[in-house]
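# Architecture and fold: a report
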Number of protein chains: 2
Amino acid sequence: MSPHIEFWFDLSSNYSHLSAQRIDAEAARRGVRVSWLPFLLGPLFAAQGWNTSPFVLQQAKGAYVWRDMERRAARHGLAFRRPSEFPRPATLPMRVAAAHLDAPWMPSFCRALMLENFVHDRGVDGPEPSQAVLRALGIDPAPVLAHAESPDGRAVLRRLTGEAQARGVFGAPSFFVGTEMYWGDDRLDDALDDAARPAAAT
Amino acid sequence: MSPHIEFWFDLSSNYSHLSAQRIDAEAARRGVRVSWLPFLLGPLFAAQGWNTSPFVLQQAKGAYVWRDMERRAARHGLAFRRPSEFPRPATLPMRVAAAHLDAPWMPSFCRALMLENFVHDRGVDGPEPSQAVLRALGIDPAPVLAHAESPDGRAVLRRLTGEAQARGVFGAPSFFVGTEMYWGDDRLDDALDDAARPAAAT
């Protein structure tokens, strides 16, 4: 088996932004293949009885997170600005990503929308932001959005969200190397090192 | 001002254990002075409406945390075993530590009790564990415990817990470098690097 990591993310998740912008380069450096897997944090939070992000519900943690984000982004040389709205809805672009898991443009599409949200402080839901990004990537938006909004397209995001929950995911980003789960952008390097490690003989 | 870091911890906190066992050596390597500052997580959790650790309240996160602890301990070459009771009460040794903030043996006392809890899976509350550790450090336990349990001694832990909360602490370990807060054992190295950095001219 070639080295492989699963990257589970939500476009509305600020720490997912930090991982999304660097995972492909860091993985390539180690010869690790990345599967980008979008899922919705909302239903997982709702299962805890939360109606929004814990960064909103817990005031002290929320205040800390934005300072931590500035420091972590600077450490990785990534752009970041605290969004004026958080968490931003991203249902349509999440459906686009989920319904096109194998499209070569999907990671670029997600990175571009996270830059909109977490650098340019612009909304990402509704068709316009997705259309603009797809056009910039040279993709015709019409069939992409039509498939994303079709019953089959929508079902993929629901299925992935259920799979994340069933596998013990409770936050984003989360990474899997085989059955080993890692949570948080600050575990990305550990997870990649784990994926790149030669498997023990069995 | 010489480089300095504040290390806020709770003896019952598993991630505090990881920091406690390595902070003095890591700080010394960078010429950073460490202040060990015990505080009780319980009242901070209670203020969120929680009656115990979020690692108990959130099942998926709780399951993850013990695997993460094993990996992080291995990464740092530290011993760790998942305790059969969590979180373990530690009120008396916390009072001992708080009432003797400037005692040269205080960090060693805390490290030894965390090894009891997080490596040897033994209780740490009540007088016996503290007495045994103090004796092993060559300290007469009787006056130490008497002061810890006196009204003045108890007041120190209450004051520190209130100060932590007032300064925005919401978990342990937390580190302060001036007014800059860092949360979690996985931010210890960032915090120490920050403390060791030459101050900008003003």
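Since the model is a prediction, treat every value here as computed from it, not as a measurement.

## A short note on the overall build of chain A
- Scanning chain A from N- to C-terminus turns up ten helices and four strands.
- Counting helices and strands in the order they occur from the N terminus, chain A gives β-α-β-α-α-α-α-α-α-α-α-β-β-α.
- Over its C-alpha atoms chain A spans a radius of gyration of 16 Å, differing by no more than 12% from the 17 Å that the globule rule assigns to 202 residues.
- In terms of overall dimensions, chain A has a C-alpha envelope of 50 × 40 × 35 Å along the principal axes.
- For chain A, the residues scored as buried account for 54% of the 202 residues in total.

## Regarding the nonpolar core
- Ile5 and Trp36 of chain A are the most contacted members of the largest nonpolar core, which totals 63 residues.
- If you look at the next biggest cluster of nonpolar residues, it comprises 61 residues, including Leu11, Phe118, Val133 and Ala164 of chain B.

## Some details on the sheet that holds strand S1 (residues 4-9) of chain B
All names here are of chain B.
- Pairing in this open sheet of four strands is mixed, and the strands run S2-S1-S3-S4 from one edge to the other. The sheet is open, and its two borders are formed by strand S2 (33-38) and strand S4 (180-183), each paired with just one other strand. In this sheet, adjacent strand axes meet at a mean angle of 20 degrees when their direction is disregarded.
- As paired elements, strand S3 (residues 174-177) and S4 share four bridges and run antiparallel to each other. Its bridge partner being in S4, Ser174 is matched across the sheet by Trp183.

## As for the interface of chain B and chain A
- Counting from both sides, the interface comprises 21 residues of chain B and, opposite them, 20 residues of chain A.
- Carbon and sulfur atoms make up 43% of the area that chain B and chain A hide from each other, which totals about 2,100 Å².
- Area buried by chain B at its contact with chain A is led by Tyr64, Phe170 and Arg187 of chain B, which between them contribute 26% of it.
- Remark: the boundary between chain B and chain A carries twelve salt bridges.
- Arg75 of chain A serves as the salt-bridge partner of Asp190 of chain B, at 2.2 Å between the closest nitrogen and oxygen.
- Run the count over chain B and chain A and you get 16 residue pairs in polar contact (both at pLDDT 80 or more).
- Going through the elements one at a time, helix H4 (59-75) and S4 of chain B are the ones with two or more residues in the side of chain B that touches chain A.
- The residue inventory of the side of chain B that touches chain A, partitioned by class, reads eight nonpolar, three polar and ten charged.

## Notes on the sheet that holds strand S2 (residues 33-38) of chain A
Residues and elements named next belong to chain A.
- The mixed open sheet is built from four strands, whose spatial order is S2-S1-S3-S4. Lying at the two open borders of the sheet, with one neighbouring strand each, are S2 and strand S4 (180-183). Sheet twist, expressed as the mean angle between neighbouring strand axes with direction ignored, is 20 degrees.

## Considering the relation of the copies chain B and chain A
- Mapping chain B onto chain A calls for a screw motion: a turn of 180 degrees about the axis and a shift of 0.0 Å along it, with 0.0 Å RMSD after fitting. On the angle and the small slide along the axis, the relation comes out as a two-fold axis. For chain B, the residue whose C-alpha comes nearest the rotation axis is Asp186 of chain B, separated from it by 3.8 Å.
- When you check the interface residues of chain B against chain A, 95% turn up at the interface there too, and the contact is symmetric in its surfaces.

## Section: the pairing of S1 of chain B
- By the criterion of burial, S1 of chain B is predominantly enclosed, with five of the six residues buried.
- Taking the sense of rotation as the criterion, the β-α-β connection linking S1 of chain B, helix H1 (residues 14-29) of chain B and S2 of chain B turns out right-handed.

## Points about helix H9 (residues 151-166) of chain A
All names here are of chain A.
- The end-to-end C-alpha distance of H9 is 22 Å, a good match for the 22 Å that 16 residues give at a rise of 1.5 Å each.
- If you check which residues of H9 are buried, you get Gly153, Val156, Leu157, Leu160, Thr161 and Ala164. Summarising the axial view, the buried residues of H9 lie within an arc of 125 degrees, below the 170-degree limit, and thus occupy one face. Within H9, the exposed residues directed more than 90 degrees away from the buried face are Pro151, Asp152, Arg158 and Ala166.

## Examining the packing of aromatic side chains
- The tally for this structure, following the rule as stated, stands at 28 aromatic pairs over all chains.
- An angle of 0 degrees between the planes, with centres 6.1 Å apart, marks the rings of Trp66 of chain A and Phe80 of chain A as stacked. Within this pair, whereas Trp66 of chain A is found in helix H4 (residues 59-75), its partner Phe80 of chain A is found in the loop between H4 and helix H5 (91-99), the two being separated by 14 residues in sequence.
- Assessed through its relative accessible area of 18%, Phe80 of chain A is described here as buried.
- Sitting over the ring of Tyr182 of chain B, Arg71 of chain A keeps its end group 3.7 Å from the ring centre.

Criteria and thresholds
Residues numbered from 1 in each chain as written. Chains lettered and ligands numbered in written order. Predicted model: local features only at pLDDT ≥ 70, side-chain atom pairs only at ≥ 80, totals over all residues. Heavy atoms only, no water. Helix = DSSP H or I, 4+ residues; strand = E, 2+ residues; numbered from the N terminus. Rg over C-alpha atoms; globule rule 2.2 N^0.38 Å. Buried < 20%, exposed > 50% of the residue type's maximum accessible area, 1.4 Å probe, protein only. Core = buried A, V, L, I, M, F, W, Y, C linked by side-chain atoms within 4.5 Å. Pairing = 2+ DSSP bridges. Axes fitted to C-alpha atoms, helices over the stretch in contact; angles between N-to-C directions. Contact = heavy atoms within 4.5 Å. Buried area = accessible area lost by both parts, 1.4 Å probe. Salt bridge = Lys/Arg side-chain N within 4 Å of Asp/Glu carboxyl O. Polar contact = N/O pair within 3.5 Å; in protein donor to acceptor, adjacent residues only side chain to side chain. Nonpolar A, V, L, I, M, F, W, Y, C, P; charged D, E, K, R; others polar. Least-squares fit on C-alpha atoms with pLDDT ≥ 70 in both. Right-handed = clockwise from strand over helix to strand, strands pointing away. Expected span 1.5 Å × (residues − 1). Arc of directions from axis to C-beta. Phe/Tyr/Trp six-rings, centres within 6.5 Å; stacked < 30°, edge-to-face > 60°. Lys NZ or Arg CZ within 6 Å of the ring centre and 35° of its normal.

These results come straight from atomic positions and should not be treated as a statement about function.
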